[in-house]
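Here's the letter readout for the chains.
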Amino acid sequence: MTSTVFSPTGIRFENIDKRYGGLYALRRVSLEISAGECVVFAGRNGSGKTTLLRIAARLARPSSGVVSFLNGGEDRGGMLPPAGFVAHATMVYDELTAEENLLLFARLQGIAEPAARAETLLREVGLAERRNSLVRTFSRGMRQRVAIARALLNEPAVVLLDEPTTGLDTEGASWFAQTLRQLRDSGRTILMSLHGESEVSTLATRALRLDAGAVVADTLTGANFRSILAFANA
(Lines give C-alpha, C1' and ligand atoms only; values in the text may rest on other atoms or scores of the structure.)
Protein backbone atom coordinates (compact mmCIF):
# COMPACT_ATOMS: atom_id res chain seq x y z
CA MET A 1 0.00 0.00 0.00
CA THR A 2 1.30 3.43 -0.90
CA SER A 3 1.47 6.02 1.88
CA THR A 4 0.59 9.67 1.89
CA VAL A 5 0.23 12.56 4.29
CA PHE A 6 -3.25 12.57 5.84
CA SER A 7 -4.99 13.92 8.91
CA PRO A 8 -5.63 11.28 11.60
CA THR A 9 -9.38 11.20 12.14
CA GLY A 10 -11.63 9.85 14.89
CA ILE A 11 -15.38 9.26 14.80
CA ARG A 12 -18.03 9.98 17.41
CA PHE A 13 -21.51 8.44 17.36
CA GLU A 14 -23.94 10.13 19.74
CA ASN A 15 -27.28 8.47 20.56
CA ILE A 16 -27.72 7.05 17.06
CA ASP A 17 -31.10 5.55 16.21
CA LYS A 18 -31.97 4.17 12.80
CA ARG A 19 -35.56 3.12 12.12
CA TYR A 20 -37.19 1.58 9.09
CA GLY A 21 -40.83 2.13 9.83
CA GLY A 22 -41.38 0.50 13.20
CA LEU A 23 -38.20 -1.59 13.00
CA TYR A 24 -35.09 -0.38 14.80
CA ALA A 25 -31.81 -1.21 13.03
CA LEU A 26 -29.84 0.80 15.62
CA ARG A 27 -30.82 1.83 19.15
CA ARG A 28 -29.14 4.66 21.04
CA VAL A 29 -25.62 3.83 19.87
CA SER A 30 -23.00 6.08 21.47
CA LEU A 31 -19.36 5.39 20.66
CA GLU A 32 -16.12 7.24 20.23
CA ILE A 33 -13.51 5.76 17.91
CA SER A 34 -10.09 7.32 18.36
CA ALA A 35 -7.92 8.20 15.38
CA GLY A 36 -5.82 5.21 14.37
CA GLU A 37 -7.99 2.54 15.99
CA CYS A 38 -8.72 -0.67 14.08
CA VAL A 39 -12.17 -1.70 15.30
CA VAL A 40 -14.11 -4.88 14.60
CA PHE A 41 -17.91 -4.82 14.73
CA ALA A 42 -19.19 -8.34 15.44
CA GLY A 43 -22.70 -9.68 15.72
CA ARG A 44 -25.21 -11.95 14.08
CA ASN A 45 -26.91 -11.00 10.82
CA GLY A 46 -29.34 -8.15 11.44
CA SER A 47 -27.50 -6.87 14.51
CA GLY A 48 -26.85 -3.43 12.97
CA LYS A 49 -23.23 -3.72 11.81
CA THR A 50 -23.82 -2.77 8.19
CA THR A 51 -26.19 0.04 9.10
CA LEU A 52 -23.63 1.60 11.43
CA LEU A 53 -20.94 1.42 8.74
CA ARG A 54 -23.26 2.98 6.15
CA ILE A 55 -24.06 5.83 8.53
CA ALA A 56 -20.33 6.39 9.13
CA ALA A 57 -19.83 6.46 5.35
CA ARG A 58 -22.63 9.00 4.94
CA LEU A 59 -24.58 6.56 2.77
CA ALA A 60 -27.44 6.49 5.26
CA ARG A 61 -28.81 9.07 7.67
CA PRO A 62 -29.62 8.26 11.26
CA SER A 63 -33.23 8.73 12.29
CA SER A 64 -31.87 10.61 15.29
CA GLY A 65 -28.51 11.31 16.84
CA VAL A 66 -25.30 12.84 15.54
CA VAL A 67 -22.16 11.52 13.83
CA SER A 68 -19.09 13.76 13.95
CA PHE A 69 -15.48 13.41 12.88
CA LEU A 70 -12.54 14.37 15.07
CA ASN A 71 -9.43 15.80 13.48
CA GLY A 72 -6.44 16.63 15.65
CA GLY A 73 -8.69 16.61 18.69
CA GLU A 74 -11.07 19.12 17.10
CA ASP A 75 -14.63 18.33 16.15
CA ARG A 76 -15.11 18.64 12.38
CA GLY A 77 -18.84 18.16 12.80
CA GLY A 78 -20.51 16.06 10.11
CA MET A 79 -17.92 16.80 7.41
CA LEU A 80 -16.66 13.43 6.20
CA PRO A 81 -12.87 13.27 5.74
CA PRO A 82 -11.32 11.27 2.88
CA ALA A 83 -12.84 7.82 3.39
CA GLY A 84 -12.98 4.49 1.61
CA PHE A 85 -15.92 2.08 1.87
CA VAL A 86 -16.12 -1.58 0.89
CA ALA A 87 -19.70 -2.84 0.99
CA HIS A 88 -20.81 -6.44 1.29
CA ALA A 89 -21.72 -6.24 -2.42
CA THR A 90 -18.74 -5.26 -4.59
CA MET A 91 -20.64 -2.63 -6.61
CA VAL A 92 -18.19 -2.73 -9.52
CA TYR A 93 -19.25 -2.43 -13.16
CA ASP A 94 -19.26 -5.76 -14.97
CA GLU A 95 -18.97 -4.30 -18.46
CA LEU A 96 -15.88 -2.25 -17.64
CA THR A 97 -12.37 -3.59 -17.24
CA ALA A 98 -10.64 -3.55 -13.88
CA GLU A 99 -8.64 -0.52 -14.96
CA GLU A 100 -11.69 1.29 -16.35
CA ASN A 101 -13.53 0.79 -13.06
CA LEU A 102 -10.71 2.42 -11.11
CA LEU A 103 -10.25 5.22 -13.63
CA LEU A 104 -13.97 6.03 -13.49
CA PHE A 105 -14.05 6.34 -9.71
CA ALA A 106 -10.70 8.15 -9.59
CA ARG A 107 -11.98 10.81 -11.99
CA LEU A 108 -15.29 11.13 -10.13
CA GLN A 109 -13.29 11.85 -6.96
CA GLY A 110 -10.99 14.32 -8.69
CA ILE A 111 -7.87 12.29 -7.95
CA ALA A 112 -4.69 13.66 -9.51
CA GLU A 113 -3.04 11.42 -12.12
CA PRO A 114 -5.83 8.81 -12.09
CA ALA A 115 -4.07 6.45 -14.52
CA ALA A 116 -0.96 6.26 -12.34
CA ARG A 117 -3.03 5.72 -9.20
CA ALA A 118 -5.08 2.98 -10.86
CA GLU A 119 -1.92 1.27 -12.10
CA THR A 120 -0.36 1.33 -8.64
CA LEU A 121 -3.43 -0.17 -6.96
CA LEU A 122 -3.97 -2.87 -9.59
CA ARG A 123 -0.41 -3.96 -9.00
CA GLU A 124 -0.87 -3.91 -5.21
CA VAL A 125 -4.05 -6.01 -5.33
CA GLY A 126 -2.47 -8.52 -7.72
CA LEU A 127 -4.55 -7.69 -10.79
CA ALA A 128 -2.02 -5.90 -12.99
CA GLU A 129 -2.03 -8.72 -15.54
CA ARG A 130 -5.85 -8.62 -15.70
CA ARG A 131 -6.16 -4.85 -15.92
CA ASN A 132 -7.77 -5.02 -19.38
CA SER A 133 -10.15 -7.87 -18.58
CA LEU A 134 -13.86 -7.20 -18.16
CA VAL A 135 -14.92 -7.52 -14.54
CA ARG A 136 -17.74 -9.89 -15.57
CA THR A 137 -15.04 -12.49 -16.26
CA PHE A 138 -13.69 -12.23 -12.70
CA SER A 139 -14.30 -14.56 -9.78
CA ARG A 140 -16.02 -13.19 -6.65
CA GLY A 141 -12.65 -12.88 -4.94
CA MET A 142 -11.16 -10.92 -7.85
CA ARG A 143 -14.16 -8.58 -7.83
CA GLN A 144 -13.55 -8.07 -4.12
CA ARG A 145 -9.96 -7.06 -4.86
CA VAL A 146 -11.21 -4.45 -7.34
CA ALA A 147 -13.65 -3.15 -4.71
CA ILE A 148 -10.86 -2.85 -2.15
CA ALA A 149 -8.64 -1.05 -4.66
CA ARG A 150 -11.48 1.37 -5.40
CA ALA A 151 -11.88 2.11 -1.67
CA LEU A 152 -8.19 3.00 -1.41
CA LEU A 153 -8.07 5.29 -4.45
CA ASN A 154 -8.21 8.51 -2.42
CA GLU A 155 -5.68 7.26 0.17
CA PRO A 156 -8.35 7.59 2.87
CA ALA A 157 -7.92 8.63 6.48
CA VAL A 158 -10.94 6.46 7.39
CA VAL A 159 -11.48 2.96 5.99
CA LEU A 160 -14.90 1.29 6.38
CA LEU A 161 -15.15 -2.40 5.55
CA ASP A 162 -18.28 -4.56 5.55
CA GLU A 163 -17.16 -8.21 5.67
CA PRO A 164 -14.15 -7.40 3.45
CA THR A 165 -12.88 -10.99 3.11
CA THR A 166 -16.09 -12.18 1.42
CA GLY A 167 -15.17 -14.28 -1.61
CA LEU A 168 -11.44 -14.20 -0.97
CA ASP A 169 -9.58 -17.51 -1.06
CA THR A 170 -6.85 -18.34 1.45
CA GLU A 171 -4.21 -16.49 -0.56
CA GLY A 172 -6.51 -13.51 -1.00
CA ALA A 173 -7.35 -13.38 2.70
CA SER A 174 -3.64 -13.39 3.57
CA TRP A 175 -3.03 -10.62 1.05
CA PHE A 176 -5.86 -8.59 2.57
CA ALA A 177 -4.52 -9.13 6.10
CA GLN A 178 -1.17 -7.73 4.97
CA THR A 179 -2.89 -4.73 3.38
CA LEU A 180 -4.95 -4.15 6.51
CA ARG A 181 -1.83 -4.31 8.67
CA GLN A 182 -0.20 -1.61 6.53
CA LEU A 183 -3.30 0.58 6.78
CA ARG A 184 -3.45 0.15 10.55
CA ASP A 185 0.25 0.77 11.05
CA SER A 186 0.09 3.92 8.92
CA GLY A 187 -2.43 5.41 11.38
CA ARG A 188 -5.64 5.05 9.39
CA THR A 189 -8.86 4.66 11.35
CA ILE A 190 -10.47 1.36 10.40
CA LEU A 191 -13.98 0.10 11.15
CA MET A 192 -14.94 -3.33 9.85
CA SER A 193 -17.58 -5.97 10.32
CA LEU A 194 -16.46 -9.60 10.57
CA HIS A 195 -17.85 -13.01 11.43
CA GLY A 196 -15.61 -14.94 13.80
CA GLU A 197 -11.88 -15.11 14.33
CA SER A 198 -9.42 -14.98 11.44
CA GLU A 199 -6.03 -13.66 10.43
CA VAL A 200 -7.76 -10.34 9.77
CA SER A 201 -9.47 -10.16 13.17
CA THR A 202 -6.15 -10.54 14.99
CA LEU A 203 -5.11 -7.14 13.62
CA ALA A 204 -7.92 -5.31 15.42
CA THR A 205 -7.08 -3.09 18.36
CA ARG A 206 -10.67 -3.15 19.65
CA ALA A 207 -13.82 -5.25 19.22
CA LEU A 208 -17.49 -4.45 19.80
CA ARG A 209 -20.52 -6.72 19.67
CA LEU A 210 -23.88 -5.49 18.47
CA ASP A 211 -27.17 -7.21 19.22
CA ALA A 212 -30.58 -5.99 18.07
CA GLY A 213 -29.06 -2.63 17.09
CA ALA A 214 -27.34 -1.91 20.39
CA VAL A 215 -23.72 -2.19 21.50
CA VAL A 216 -23.69 -4.87 24.18
CA ALA A 217 -19.95 -5.54 24.60
CA ASP A 218 -16.77 -3.53 24.04
CA THR A 219 -13.20 -4.56 24.75
CA LEU A 220 -12.50 -0.94 25.68
CA THR A 221 -14.64 -1.47 28.79
CA GLY A 222 -13.28 -4.90 29.65
CA ALA A 223 -15.09 -7.37 27.40
CA ASN A 224 -13.08 -10.35 26.17
CA PHE A 225 -11.98 -10.03 22.53
CA ARG A 226 -12.26 -13.72 21.65
CA SER A 227 -15.66 -14.12 23.30
CA ILE A 228 -17.04 -11.23 21.25
CA LEU A 229 -15.97 -12.85 17.99
CA ALA A 230 -16.94 -16.35 19.08
CA PHE A 231 -20.45 -15.22 20.01
CA ALA A 232 -20.82 -13.44 16.68
CA ASN A 233 -19.98 -16.65 14.84
CA ALA A 234 -22.33 -18.82 16.90
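Our structure's up above, just so we're on the same page.
Rules behind the numbers
Residues numbered from 1 in each chain as written. Predicted model: local features only at pLDDT ≥ 70, side-chain atom pairs only at ≥ 80, totals over all residues. Heavy atoms only, no water. Phe/Tyr/Trp six-rings, centres within 6.5 Å; stacked < 30°, edge-to-face > 60°. Helix = DSSP H or I, 4+ residues; strand = E, 2+ residues; numbered from the N terminus. Buried < 20%, exposed > 50% of the residue type's maximum accessible area, 1.4 Å probe, protein only. Lys NZ or Arg CZ within 6 Å of the ring centre and 35° of its normal. 1 Å grid on protein atoms, 1.4 Å probe; cavity = no way out; pocket = protein on both sides within 12 Å on 5 of 7 lines; lining within 4 Å. Points joined across faces, edges and corners; volume = space filled by probe spheres on them. Nonpolar A, V, L, I, M, F, W, Y, C, P; charged D, E, K, R; others polar. Axes fitted to C-alpha atoms, helices over the stretch in contact; angles between N-to-C directions. Parallel < 35°, antiparallel > 145°, perpendicular 65-115°, else oblique. Left-handed = near helix turned anticlockwise from the far one by under 90°. Contact = heavy atoms within 4.5 Å.

A. Geometry of the packing of aromatic side chains. Going through the model one piece at a time under the given rule, you end up with two aromatic pairs. Centre to centre, the rings of Tyr-93 and Phe-105 are 6.1 Å apart; their planes meet at 25°, and the pair counts as stacked. Of this pair, Tyr-93 sits in the loop between strand S6 (83-86) and helix H2 (98-108) while Phe-105 sits in helix H2, and the two are 12 residues apart along the sequence. For Phe-105, a relative accessible area of 18% puts it in the buried group. Sitting over the ring of Trp-175, Arg-145 keeps its end group 4.9 Å from the ring centre. Here the basic side chain of Arg-150 rests over the ring of Phe-105, its NZ or CZ set 5.2 Å away from the ring centre.

B. Representation of the layout of surface pockets within the structure. Its volume calculated, the largest pocket comes out at about 370 Å³. For the largest pocket, the lining is made up of 15 residues, of which Leu-59, Ala-83, Gly-84, Phe-85 and Arg-150 are closest to its centre. Broken down by secondary-structure element, the contributors of at least two residues to the lining of the largest pocket are S6, H2 and helix H4 (140-151). Classifying every residue of the lining of the largest pocket gives 10 nonpolar, three polar and two charged.

C. Here's a closer look at the packing of H2 against helix H3 (residues 114-124). At a closest axis distance of 9 Å, the pairing of H2 and H3 adopts a crossing angle of 130°. Judged on the interaxial angle alone, H3 and H2 are oblique. Handedness of the crossing formed by H2 with H3: right-handed. Contacts between H2 and H3 involve Ala-98, Glu-99, Leu-102, Leu-103, Ala-106 and Arg-107 on the former and, on the latter, Pro-114, Ala-115, Ala-118, Leu-121 and Leu-122. Residues of the contact of H2 with H3, tallied by class, amount to nine nonpolar, no polar and two charged.

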